[in-house]
Amino acid sequence: MERELKPMNSIQGDTENPTFSIGMETGMGKTYVYMKIMFEQNKRYGWCKFIISSPALRFAKGLKSFETMQEHFATEYGKHAQFFFINSE
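Remarks on the nonpolar core
- One finds Met35, Met38, Phe39, Phe66, Met69, Phe73 and Tyr77 forming the largest nonpolar core, which totals 7 residues.
- When residues of this core are traced back to their parent elements, those giving at least two are helix 1 (30-45) and helix 2 (56-77).
- The leading source of residues in this core is helix 2, at 4 residues.
- Apart from residues lying up to four places away in sequence, Tyr77 is in contact with Lys36, Phe39, Glu40 and Lys43.

Shown next as structure tokens:
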């Protein structure tokens, strides 16, 4: 199902410490979307620290995606991201 979402012109709520939440079905490209959003927020607002919280098993697959997409985003944005996994168990 496609939905046409209109872009917002400004951040609503707490502009000093905004929070965002993204939910998508499995296999829909979440990791790519997360990375794209992080690079765009860095480019537009200078934000440089992001946290992705996910069940460990699912994120292990996503972590591999971060590695394989690293060059794609480096080409597009001219910089590499540093990322790491913290096991909370």
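Quick notes on the packing of aromatic side chains
- Overall, the coordinates contain 6 aromatic pairs when judged by the stated rule.
- Aromatic side chains Tyr32 and Phe73 sit 5.1 Å apart centroid to centroid with 40° between the ring planes, which places their arrangement in the tilted category. Of the two residues, Tyr32 sits in helix 1 while Phe73 sits in helix 2, which places them 41 residues apart along the sequence.
- On the basis of relative accessible area, Tyr32 is assigned to the partly exposed category, the value being 33%.
- The structure contains a cluster of three or more aromatic residues connected by ring pairs, namely Tyr32, Phe39, Phe73 and Tyr77.

Thresholds applied
- Residues numbered from 1 in each chain as written.
- Predicted model: local features only at pLDDT ≥ 70, side-chain atom pairs only at ≥ 80, totals over all residues.
- Heavy atoms only, no water.
- Core = buried A, V, L, I, M, F, W, Y, C linked by side-chain atoms within 4.5 Å.
- Buried < 20%, exposed > 50% of the residue type's maximum accessible area, 1.4 Å probe, protein only.
- Helix = DSSP H or I, 4+ residues; strand = E, 2+ residues; numbered from the N terminus.
- Contact = heavy atoms within 4.5 Å.
- Phe/Tyr/Trp six-rings, centres within 6.5 Å; stacked < 30°, edge-to-face > 60°.

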